[in-house]
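Each chain is listed here by its residues.
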Amino acid sequence: QVQLVESGGGLVQPGGSLRLSCAASSSIFSIYTMAWYRQAPGKQRDVVATITGAGTTTYADSVKGRFAISRDNAKNTVYLQMNNLKPEDTAVYYCKATYLGIEYWGKGTLVTVSS
C-alpha cells in the first residue's frame, strides 16, 4: 500500500505560479509511474502530466509550455511546477502512482486561480 500526500495548493492570481508536491510513502518510489490529474467542479478528472521512473514526461495539450512535472527519487516526491496560471486551471489536483497496473491516489489539493 502506498500513501500519497499532496501539498502546495492555494489561491493565486492569473499569471501567477504554484508548485505542487506529492510525497509517497513507498521505498520503491523510483519505479512508479507518477501522474498529476485535476478535477474542476462538475467535470471529470483528467490527466495533466505524467512521468515514468526513467523520467519520460507527457503533458495535456492545455498545459504544455506552462506546467512541468519532475521527481526526486531520493525524497520520494513528485512535483508539478505551474506557471502562467489561468482561471481555467482552477481544480482539485490529485497525485497518482501506478505500478504493475495498480493505482494509488492522494486526496488532492485545491488550486484556485482568481483575481
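To be clear, the structure that these remarks concern was listed above.
Reference entry: report on the structure contained in this document. (Residues numbered from 1 in each chain as written. Predicted model: local features only at pLDDT ≥ 70, side-chain atom pairs only at ≥ 80, totals over all residues. Heavy atoms only, no water.)

## Comments concerning the overall build of the protein
Here is step 1 of the chain: Looking only at helices and strands, the protein has 0 helices and 11 strands in total.
Here is step 2 of the chain: In sequence order, the secondary structure elements of the protein are arranged as β-β-β-β-β-β-β-β-β-β-β.
Here is step 3 of the chain: Relative to a compact globule of 115 residues, whose C-alpha radius of gyration would be 13 Å, the protein shows 13 Å and is just as compact.
Here is step 4 of the chain: Along the three orthogonal principal directions, the C-alpha set of the protein runs to about 40 × 25 × 20 Å.
Here is step 5 of the chain: Looking at the 115 residues of the protein, the share that counts as buried comes to 41%.
Here is step 6 of the chain: Residue pairs at least 24 apart in sequence account for 53% of intrachain contacts in the protein once pairs closer than 6 positions are excluded.
Here is step 7 of the chain: Accessible surface computed for the protein: about 6,100 Å², of which carbon and sulfur atoms make up 49%.
Here is step 8 of the chain: A gap of 3 Å separates the mean positions of the 11 positive and 7 negative side-chain charges of the protein. (Helix = DSSP H or I, 4+ residues; strand = E, 2+ residues; numbered from the N terminus. Rg over C-alpha atoms; globule rule 2.2 N^0.38 Å. Buried < 20%, exposed > 50% of the residue type's maximum accessible area, 1.4 Å probe, protein only. Contact = heavy atoms within 4.5 Å. Areas by Shrake-Rupley, 256 points an atom, 1.4 Å probe, with all protein chains shown as cover. Lys, Arg positive; Asp, Glu negative; His and termini not counted. Charge placed at Lys NZ, Arg CZ, Asp CG, Glu CD.)

## A look at the packing of aromatic side chains
Describing an aromatic ring pair means giving the distance of the ring centres and the angle of the ring planes.
Here is step 1 of the chain: A complete count under the given rule lists 4 aromatic pairs for this structure.
Here is step 2 of the chain: Cluster of aromatic residues (ring-pair linked, three or more members): Y32, Y99 and Y104.
Here is step 3 of the chain: Its end group placed over the ring of Y94, R45 keeps NZ or CZ at 3.6 Å from the ring centre.
Here is step 4 of the chain: The side chain of R71 reaches across the aromatic face of F29, ending 4.6 Å from its centre. (Phe/Tyr/Trp six-rings, centres within 6.5 Å; stacked < 30°, edge-to-face > 60°. Lys NZ or Arg CZ within 6 Å of the ring centre and 35° of its normal.)

## A few points about the pairing of strand β8 (residues 77-82)
Here is step 1 of the chain: Where burial is concerned, most of β8 is hidden: 5 out of the 6 residues are buried.
Here is step 2 of the chain: Pairing of strand β3 (residues 18-24) with β8 involves 6 bridges; the strand directions are antiparallel. Paired with C22 across the strands is V78, a residue of β8.
Here is step 3 of the chain: Alignment of strand β7 (residues 67-72) against β8, held across 6 bridges, turns out to be antiparallel. Bridge pairing in β8 places A68 opposite Q81.
Here is step 4 of the chain: The loop that links β7 with its antiparallel partner β8 comprises 4 residues; one of these, N76, has a positive phi angle of about 55°. (Pairing = 2+ DSSP bridges.)

## Overview of the nonpolar core
A general tendency of soluble globular proteins is for nonpolar side chains to be buried together.
Here is step 1 of the chain: Of all hydrophobic cores here, the largest spans 29 residues; its most connected members are L4, M34, W36, V78, L80, M82 and Y93.
Here is step 2 of the chain: Elements supplying a minimum of two residues to this core: β3, β4 (33-39), β5 (45-51), β7, β8, β9 (91-99) and β11 (109-113). (Core = buried A, V, L, I, M, F, W, Y, C linked by side-chain atoms within 4.5 Å.)

## Structural notes on the environment of A91
Here is step 1 of the chain: As for its placement among the helices and strands, A91 is situated in strand β9.
Here is step 2 of the chain: The exposure class of A91 is buried, given its relative accessible area of 2%.
Here is step 3 of the chain: In this view, A91 contacts R38, Q39, A40, T109, L110 and V111; residues no more than four positions away in its chain are not counted.

This is a description of form; function is not addressed.
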